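# Residue-level structure breakdown
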Amino acid sequence: MSFRASVLTLFPELFPGPLGASLAGRALAAGLWQLEPVDIRAFATDRHRSVDDTPYGGGAGMVMRADVVDRAVATVADGRPLILLSPRGRRLDQARVAALARGAGVVLLAGRYEGIDQRVIEARGFEELSIGDYVLAGGELPSMVLLDAVVRLLPGVMGASASAAEESFSDGLLEYPHYTRPPVWEGRAVPAVLLSGDHAAIAAWRRAEAERITRERRPDLLAAKVASRAGAP
Ligand code: 9D3
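Residues numbered from 1 in each chain as written. Predicted model: local features only at pLDDT ≥ 70, side-chain atom pairs only at ≥ 80, totals over all residues. Heavy atoms only, no water.

Counting through the fold element by element, Q94 comes out in helix 3 (residues 94-101). You can call Q94 partly exposed: its relative accessible area is 40%. Sequence separation between Q94 and V150 is 56 residues; the distance between their C-alpha atoms is 8.9 Å. Apart from the residues within four sequence positions on either side, Q94 is in contact with R152, L153 and E166. (Helix = DSSP H or I, 4+ residues; strand = E, 2+ residues; numbered from the N terminus. Buried < 20%, exposed > 50% of the residue type's maximum accessible area, 1.4 Å probe, protein only. Contact = heavy atoms within 4.5 Å.)

This part is about the sheet that holds strand 7 (residues 115-116). If you trace the 3 strands from one edge of the open sheet to the other, you get 3-4-7, paired in mixed fashion. Taken across any chain shown, the strands that pair with only one partner, and hence form the sheet edges, are strand 3 (52-53) and strand 7. Of the strand pairs in this sheet, strand 4 (residues 63-64) and strand 7 are connected by 2 bridges, and their pairing is parallel. Within strand 7, the position partnered with V63 by the bridge is G115. (Pairing = 2+ DSSP bridges.)

Looking now at the domain arrangement of the protein chain. Parsing the protein chain into structural domains produces domain 1 (3-151) and domain 2 (166-231). Taking only C-alpha atoms into account, the centre of domain 1 sits 36 Å from that of domain 2. (Domains from an automatic or database assignment.)

Shown next as structure tokens:
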């Protein structure tokens, strides 16, 4: 009944990889989610276990076969969202991550080669998601990125205080700067307000810093905030 992630891949041995360590790894061991790598090559039928072929119309590279991919999908499809990690997908964002975390799980298809036969994408209704505008060798690392982002939001994975901090951060600003001991390091002092004990002044300073950093680095986030608010703080 816990969140179930099936990952269809030609490299099942890459999993759990980093998802077996730290927060996601502890949650996996605790049964808060399940990870099921599915070896696409197990669904090849010919002597050479081929999963790819040359593209109709010509061109560079190889294309993953619709029939082989579809047989792999059929063994796990149960109504969970079907997601193809793809450089031409819509960009993954925190809103999609949060929506996925509220559901029963995901079926992720990690592509290799130039791409996947379009017919299986359409026939199964795959949603295509990218993790950013740079070129990777395949969809396995993006699958892990998506799962890392989703798993930390599952009930019981983060502590209550971290979850509360998460909600207050979801106001669309980048984070304010953090400091800990020592109070002076290599001639650099911690901002005095943080040592003042004045909690209202500290909250105001952090807010102002978060806004300054967001304005300098990600003005698009501020624009999105202005566009989305109807008299909110
Ligand atoms: C020359 C055309 N290439 C598209 C930019 C082909 C191509 C390159 C790399 C096809 C697949 C890949 C492998 N990448 C992914 O599968 C992938 C990915 C990525 O490369 N960047 C960001 N997000 C993602 S999600 C899956």
